[in-house]
Amino acid sequence: FIWRRDDYEQLISKIIKYIYSLESKKIFPSHSIMARFFILKETDKDNVDLRKRQDNLLSSLVEIEHKDIEFMKLIFNIATQLSYESRRQLVAVFLKDNNKFEDFNKLPLESSSRSYTNSAVPMYQGKMDYFESLLPLLSGLKFLEHRGYIESEINYYRQQVEIEKKKDFMEE
């Protein structure tokens, strides 16, 4: 398994950059292929260590490549498969080196796919909590637009939670 190798950083970085180069030639969308490299088996005993390795690698790539927004979109697309805390950390790393709203606004901060059982409330609540966790990263005038964007996302998910609660009530 690649993530257990001593040279995992070099290997995965090369794979990501190679697949990214294919995407830039419009051969295929790379984020769906790359995301597969970041799926861990729930039965693996060393998942916590492997997840740390993944987080560290992605953070390192964001730190190095923060000006290449197309590459950042790939990295953040991969990250949509990871925990909210992992994503929050990537946003923090990105903002440390790139505070341009135009770039920030292009990042996929949330997965476009939705999956839930019985009620959508927990899913929307989780998304809302995630966006709220980003607010402390956005203090100061240079992040005013960023903050407005994130607050609009929070309001959207707050509305979705209320809509879903009403639906759930009506279905009972």
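Here the structure is shown first, and the text comes after it.
Rules used in this analysis
- Residues numbered from 1 in each chain as written.
- Predicted model: local features only at pLDDT ≥ 70, side-chain atom pairs only at ≥ 80, totals over all residues.
- Heavy atoms only, no water.
- Helix = DSSP H or I, 4+ residues; strand = E, 2+ residues; numbered from the N terminus.
- Contact = heavy atoms within 4.5 Å.
- Areas by Shrake-Rupley, 256 points an atom, 1.4 Å probe, with all protein chains shown as cover.
- Lys, Arg positive; Asp, Glu negative; His and termini not counted.
- Charge placed at Lys NZ, Arg CZ, Asp CG, Glu CD.
- Salt bridge = Lys/Arg side-chain N within 4 Å of Asp/Glu carboxyl O.
- Phe/Tyr/Trp six-rings, centres within 6.5 Å; stacked < 30°, edge-to-face > 60°.
- Buried < 20%, exposed > 50% of the residue type's maximum accessible area, 1.4 Å probe, protein only.
- Axes fitted to C-alpha atoms, helices over the stretch in contact; angles between N-to-C directions.
- Parallel < 35°, antiparallel > 145°, perpendicular 65-115°, else oblique.
- Left-handed = near helix turned anticlockwise from the far one by under 90°.
- Expected span 1.5 Å × (residues − 1).

## Points about the overall build of the protein
Point 1. The helix and strand tally for the protein stands at eight helices and zero strands.
Point 2. For the protein, the spread of C-alpha atoms along the three principal axes comes to 55 × 45 × 30 Å.
Point 3. Across the protein, every contact between residues at least 6 apart in sequence was considered, and the portion connecting residues at least 24 apart equals 62%.
Point 4. Only carbon and sulfur atoms are counted for the fraction: they give 51% of the accessible area of the protein, which is about 10,300 Å².
Point 5. Taking the 27 positively charged and 28 negatively charged side chains of the protein as two groups, their mean positions are separated by 4 Å.

## What to know about the pattern of salt bridges
Point 1. Applying the stated criterion across every chain yields a total of eleven salt bridges.
Point 2. Across the pair Glu-151 and Arg-147 runs a salt bridge whose closest N-O atoms are separated by 3.4 Å. Residue Glu-151 and its partner Arg-147 are located together in helix H8 (residues 144–171), separated by four residues, close to a single helical turn.
Point 3. By sharing partners, the salt bridges in this structure join Arg-87, Glu-110 and Lys-127 into a single network.

## Looking at the packing of aromatic side chains
Point 1. Going through the model one piece at a time under the given rule, you end up with eleven aromatic pairs.
Point 2. Judged by centre distance (6.2 Å) and plane angle (90°), the rings of Phe-104 and Tyr-149 are edge-to-face. Residue Phe-104 is located in helix H6 (residues 101–104), and its partner Tyr-149 is located in helix H8; the two are separated by 45 residues in the primary sequence.
Point 3. Here Phe-104 falls in the buried class, since its relative accessible area comes to 1%.

## Some words on the packing of helix H5 (residues 84–97) against helix H7 (residues 121–134)
Point 1. The N-to-C vectors of H5 and H7 enclose an angle of 30°; their axes lie 10 Å apart at closest approach. Classed by the angle they form, the pair H5 and H7 counts as roughly parallel. Between H5 and H7 lies a crossing of right-handed hand. Contacts between H5 and H7 involve Tyr-84, Arg-87, Arg-88 and Val-91 on the former and, on the latter, Met-123, Gly-126, Lys-127, Tyr-130, Ser-133 and Leu-134.

## Looking at helix H3 (residues 47–65)
Point 1. For H3, with 19 residues, the first-to-last C-alpha span of 26 Å sits near the 27 Å given by 1.5 Å per residue.
Point 2. Those residues of H3 that sit buried are Asn-47, Leu-50, Gln-54, Leu-57, Leu-58, Ser-59, Leu-61 and Val-62.

## Observations concerning helix H4 (residues 69–79)
Point 1. Taking burial as the measure, the eleven residues of H4 include eight buried ones, the bulk of the element.
Point 2. Among the residues making up H4, those that are buried are Ile-69, Phe-71, Met-72, Leu-74, Ile-75, Phe-76, Ile-78 and Ala-79.

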